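Structure assessment
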Amino acid sequence: FLPKPMRLDLYNKVILPSRYAISVWGGCSNKCLFDALEAIHCRAARVIFNLPRDTPSADVRTVSGWKSFDLIYKVKIAKLMYNIYYEATPPSMGSIIQKRNLKHNLRNNNKIVVPRFNTYVMKNSIGYRGAIIWNTLTPILENTTNISAYARWAWKSQPLRDLSFASESPSVTQQRISTEFLYY
């Protein structure tokens, strides 16, 4: 059997490169493929760190010190949104987001508009998911001066860890009509 340093090297050269361009392919509509990659990620950690097969994935990530692919995807999207918002990307990428145009200096001044789509496919887009992630992390912006500081805060953000794209975001759900109120 291979020694631990060689197993880590193999992991870094075979499995870890699958993170490249995760901000593009991470939003694919086939969630089971993303989950399968996460399973491979955890299985590799079990093998490298000699953990039992029945060790829960959360414990495996704690022992290995590795992040889940879900969190890696969210932070990559957050960094991309930061660069687009502060115009550090090519101008053509600016069309992915729509900044809110507020005339007054309000708390939600840095938020971006969440696009509304009628199809599930478009809800997997970078524009939609990026807007939700950006608006979730907007309070962090006050503590950051550059993208590195923003990324460090994003890795630690509990709201970002808890964010699930499977459920509707409160900012994009339609307003429910009250049955107790009489409309004239």
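Cut-offs applied
Residues numbered from 1 in each chain as written. Predicted model: local features only at pLDDT ≥ 70, side-chain atom pairs only at ≥ 80, totals over all residues. Heavy atoms only, no water. Helix = DSSP H or I, 4+ residues; strand = E, 2+ residues; numbered from the N terminus. Contact = heavy atoms within 4.5 Å. Buried < 20%, exposed > 50% of the residue type's maximum accessible area, 1.4 Å probe, protein only. Expected span 1.5 Å × (residues − 1). Phe/Tyr/Trp six-rings, centres within 6.5 Å; stacked < 30°, edge-to-face > 60°. Axes fitted to C-alpha atoms, helices over the stretch in contact; angles between N-to-C directions. Parallel < 35°, antiparallel > 145°, perpendicular 65-115°, else oblique. Nonpolar A, V, L, I, M, F, W, Y, C, P; charged D, E, K, R; others polar. Core = buried A, V, L, I, M, F, W, Y, C linked by side-chain atoms within 4.5 Å.

1. Here we look at the environment of Ala-45
Tracing the chain through its elements places Ala-45 in helix α3 (residues 31-48). For the pair formed by Ala-45 and Val-63, sequence separation is 18 residues and the distance between their alpha carbons is 8.6 Å. Apart from the residues lying within four places of it in its own chain, the contact partners of Ala-45 are Leu-51, Val-60, Ser-64 and Trp-66.

2. Topic: the side chain of Glu-38
In this fold, Glu-38 is placed in helix α3. For Glu-38, a relative accessible area of 13% translates into the label buried. Setting aside residues up to four positions removed in sequence, Glu-38 forms contacts with Arg-61, Ser-68, Phe-69 and Asp-70.

3. A look at helix α5 (residues 69-85)
Relative to the 24 Å expected for 17 residues at 1.5 Å per residue, α5 spans 24 Å between its end C-alpha atoms, a close match to the ideal helical length. Most of α5 is tucked away: 13 of the 17 residues are buried. Of the residues trailing α5, Glu-87 is marked for its positive phi of about 55°.

4. A closer look at the packing of aromatic side chains
Under the definition given, this model contains 9 aromatic pairs. A ring pair is formed by Tyr-82 and Trp-134, whose centres lie 6.4 Å apart and whose planes are at 55°; its orientation type is tilted. With Tyr-82 in helix α5 and Trp-134 in helix α6 (residues 126-137), the pair connects residues that are 52 residues apart, well separated along the chain. The residues Tyr-82 and Trp-134 share a single accessibility class, namely buried. Seen from their ring centres, Tyr-86 and Trp-134 are 6.4 Å apart, and the 65° between their planes marks the pair as edge-to-face. Residue Tyr-86 is found in the loop between α5 and α6, and its partner Trp-134 is found in helix α6; the two are separated by 48 residues along the sequence. When its relative accessible area of 1% is taken as the criterion, Trp-134 is described as buried. Taken together, the aromatic side chains of Tyr-82, Tyr-85, Tyr-86, Trp-134 and Tyr-150 make up a single cluster linked through ring pairs.

5. Section: the packing of α5 against α6
Their axes nearest at 9 Å, the elements α5 and α6 cross at an angle of 90°. In terms of orientation, α5 and α6 fall into the roughly perpendicular class. Contacts between α5 and α6 pair Tyr-73, Lys-74, Ile-77, Ala-78, Leu-80, Met-81, Tyr-82 and Tyr-85 from the former with Ile-126, Arg-129, Gly-130, Ala-131, Ile-133, Trp-134 and Leu-137 from the latter. Taken together, the residues of the contact of α5 with α6 break down into 12 nonpolar, 1 polar and 2 charged.

6. Things to note about the nonpolar core
Counting residues in each nonpolar core, the largest one holds 31 residues, and the members touching the most others are Met-81, Ile-112, Ile-133, Trp-134, Leu-137, Tyr-150 and Leu-160. Those elements giving two or more residues to this core turn out to be α3, α5, α6 and α7 (147-156). Counting residues per element, this core draws most heavily on α5, at 12 residues. In this structure, Trp-134 is in contact with Met-81, Tyr-82, Tyr-85, Tyr-86, Asn-110, Lys-111, Ile-112, Leu-141 and Tyr-150, ignoring residues within four places of it in sequence. Core analysis: the next-biggest nonpolar cluster, separate from the first, contains 8 residues, Ile-15, Ala-44, Ala-45 and Phe-49 among them.

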